[in-house]
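# Understanding the architecture of this molecule
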Amino acid sequence: MVVPLHMGWRNVLFANWPVDPETVRPHVPEALALDTFDGDAWLSVVPFTNVDVRPDAAPPGTGLPLPELNLRTYVSDRGGDGGGDDGDRDGGDADGRPGVYFFSLDAQGILSVLGARAFHYLPYYYARISLSAADGGVEFRSRRVHPGARPVQFRATYGPTGEQFRADDGSLAEFLTERYRYYTEDTAGAIRYADIDHEPWPLFDADATFETNTLFRANCFDPPESEPVHFYSPGVDVVASKSKRR
């Protein structure tokens, strides 16, 4: 991506597992500080669909629908030479702007996968994905078919419960959802980032059932034994900046 990109993120599940920070730290570049909440790092599985994916300057309605599944954690830019300690973000950022770090992103569109790898240095993989939404619930299935990649099988049903809310300042929901930057590492080992602009997430608590989920093992994590925290959002419209080198 060489220009700002418009996306509409819809039918989003944030499925979040608390884990020991030492479980995650070896998988995150040293130049990034690992963010924690109440002493826990978090691994989040996020299935959703992209609608109207297009350059931001293109007319609305001219983009493509692209379902996606990702595994991510939460980080901040250390700044400077990458020194400093990891820390709990309850009282503020680490040494830089908070964001997310993706371990993998599976997506339906082969051209989008190739473009994201080439221009945004993101670990995208081609997958066959189906998403159906009916009666307030979503069924999401994904099977990675990217040549040479570790296989991933995923099948889940999820949906909102209770009343819609916005995440309170300092809450776990804010920590897990209100992230406006992502970081990645290019082939030379340099940290890159893109800024994400959107309105605050409209959120619900969520029910979620996972029939199959091999994302953790595909990314060299043991499946967490902790109880997950689930949030659902009907979605937001997003503009992502072009990739920048830190």
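All values derive from a computational prediction rather than experimental measurement.

What counts and how
- Residues numbered from 1 in each chain as written.
- Predicted model: local features only at pLDDT ≥ 70, side-chain atom pairs only at ≥ 80, totals over all residues.
- Heavy atoms only, no water.
- Helix = DSSP H or I, 4+ residues; strand = E, 2+ residues; numbered from the N terminus.
- Rg over C-alpha atoms; globule rule 2.2 N^0.38 Å.
- Buried < 20%, exposed > 50% of the residue type's maximum accessible area, 1.4 Å probe, protein only.
- Contact = heavy atoms within 4.5 Å.
- Areas by Shrake-Rupley, 256 points an atom, 1.4 Å probe, with all protein chains shown as cover.
- Lys, Arg positive; Asp, Glu negative; His and termini not counted.
- Charge placed at Lys NZ, Arg CZ, Asp CG, Glu CD.
- pLDDT = per-residue confidence, 0-100.
- Patch = residues over 30% accessible without salt bridge, like charges linked within 9 Å, V, L, I, M, F, W, Y side chains within 5 Å.
- Salt bridge = Lys/Arg side-chain N within 4 Å of Asp/Glu carboxyl O.
- Polar contact = N/O pair within 3.5 Å; in protein donor to acceptor, adjacent residues only side chain to side chain.
- Core = buried A, V, L, I, M, F, W, Y, C linked by side-chain atoms within 4.5 Å.
- 1 Å grid on protein atoms, 1.4 Å probe; cavity = no way out; pocket = protein on both sides within 12 Å on 5 of 7 lines; lining within 4 Å.
- Points joined across faces, edges and corners; volume = space filled by probe spheres on them.
- Nonpolar A, V, L, I, M, F, W, Y, C, P; charged D, E, K, R; others polar.

## Quick look at the overall build of the protein chain
- Looking only at helices and strands, one finds 4 helices and 14 strands in the protein chain.
- The C-alpha radius of gyration of the protein chain comes to 17 Å, within 12% of the 18 Å expected for a compact globule of 246 residues.
- Along the first, second and third principal axes, the C-alpha set of the protein chain runs to 45 × 40 × 35 Å.
- Burial statistics for the protein chain: of 246 residues in total, 53% are counted as buried.
- Here the analysis covers contacts within the protein chain between residues at least 6 apart in sequence; of these, 72% occur between residues at least 24 apart.
- Accessible surface, the protein chain: about 11,200 Å² in total, of which carbon and sulfur atoms supply 49%.
- For the protein chain, the separation between the mean place of its 23 positive charges and that of its 37 negative charges on side chains is 10 Å.

## Brief notes about the confidence of the model for the protein chain
- Taken over all residues, the pLDDT of the protein chain has a mean of 89, while the share at 70 or more is 91%.
- The low-confidence segment residues 81–85 (pLDDT under 50) makes 7 contacts with residues lying over four places distant or belonging to another chain.
- This stretch, residues 87–95, has a pLDDT under 50; its non-local contacts, to residues over four places away or in other chains, come to 25 contacts.

## Brief notes about a nonpolar patch on the surface
- Together, Ile 110, Leu 111 and Leu 114 make up a nonpolar patch on the protein surface, roughly 310 Å² of accessible area in all.
- Note that Leu 114 resides in helix 2 (residues 110–120).
- The exposure class assigned to Leu 114 is partly exposed, which follows from its relative accessible area of 46%.

## Quick look at the side chain of Ser 104
- Among the structural elements, Ser 104 can be located in strand 6 (residues 98–107).
- Side chain to side chain, Ser 104 and Asn 219 meet in a polar contact 3.2 Å long.
- Residue contacts for Ser 104: discarding those within four places in its chain leaves Leu 69, Asn 70, Leu 71, Pro 123, Tyr 125, Arg 144, Leu 215 and Asn 219.

## Notes on the side chain of His 6
- Locating His 6 in the fold gives a position in strand 1 (residues 5–19).
- Residue classification places His 6 among the buried positions, given a relative accessible area of 11%.

## Here's the deal with the pattern of salt bridges
- By the definition in use, this model includes 13 salt bridges.
- A salt bridge links Asp 186 to Arg 192; the shortest N-O distance between them is 4.0 Å. Accessibility assignment for this pair places Asp 186 and Arg 192 in one class, buried.
- Put simply, Arg 217 and Asp 222 hold a salt bridge, and the shortest N to O gap is 3.6 Å.
- Residue classification places Arg 217 among the exposed positions, given a relative accessible area of 53%.
- On the basis of relative accessibility, which here comes to 60%, the residue Asp 222 falls in the exposed class.
- Each member of the salt-bridge network shares a partner with another, and the members are Arg 97, Arg 181, Asp 195 and Lys 244.

## Focus on the nonpolar core
- Grouped together as the largest cluster of nonpolar side chains are 35 residues, with contacts concentrated most on Val 24, Val 28, Leu 43, Val 45, Leu 71 and Phe 103.
- Here the element with the most residues in this core is strand 1; it accounts for 4 residues.
- In this structure Val 24 touches Val 19, Leu 34, Ala 41, Leu 43, Thr 73, Phe 103 and Phe 221, once residues within four positions along its chain are discounted.
- Listed in part, the 34 residues of the second largest apolar core include Tyr 74, Phe 102, Leu 105 and Trp 201.

## Remarks on the layout of surface pockets
- Its boundaries defined by the atoms lining it, the largest pocket holds a volume of some 790 Å³.
- Looking at the largest pocket, it is lined by 41 residues, and the ones nearest its centre are Leu 5, Met 7, Asn 50, Glu 68 and Tyr 124.
- Partitioning the lining of the largest pocket into residue classes produces 27 nonpolar, 9 polar and 5 charged.

## Topic: unusual backbone geometry
- Not every positive phi belongs to a glycine, and Asp 38 is a case in point at roughly 50 degrees.
- As for its placement among the helices and strands, Asp 38 is situated in the loop between strand 2 (32–36) and strand 3 (41–55).
- Classification of Asp 38 as exposed rests on a relative accessible area of 58%.
- A positive phi angle, close to 55 degrees, is found at Asp 135, a residue other than glycine.

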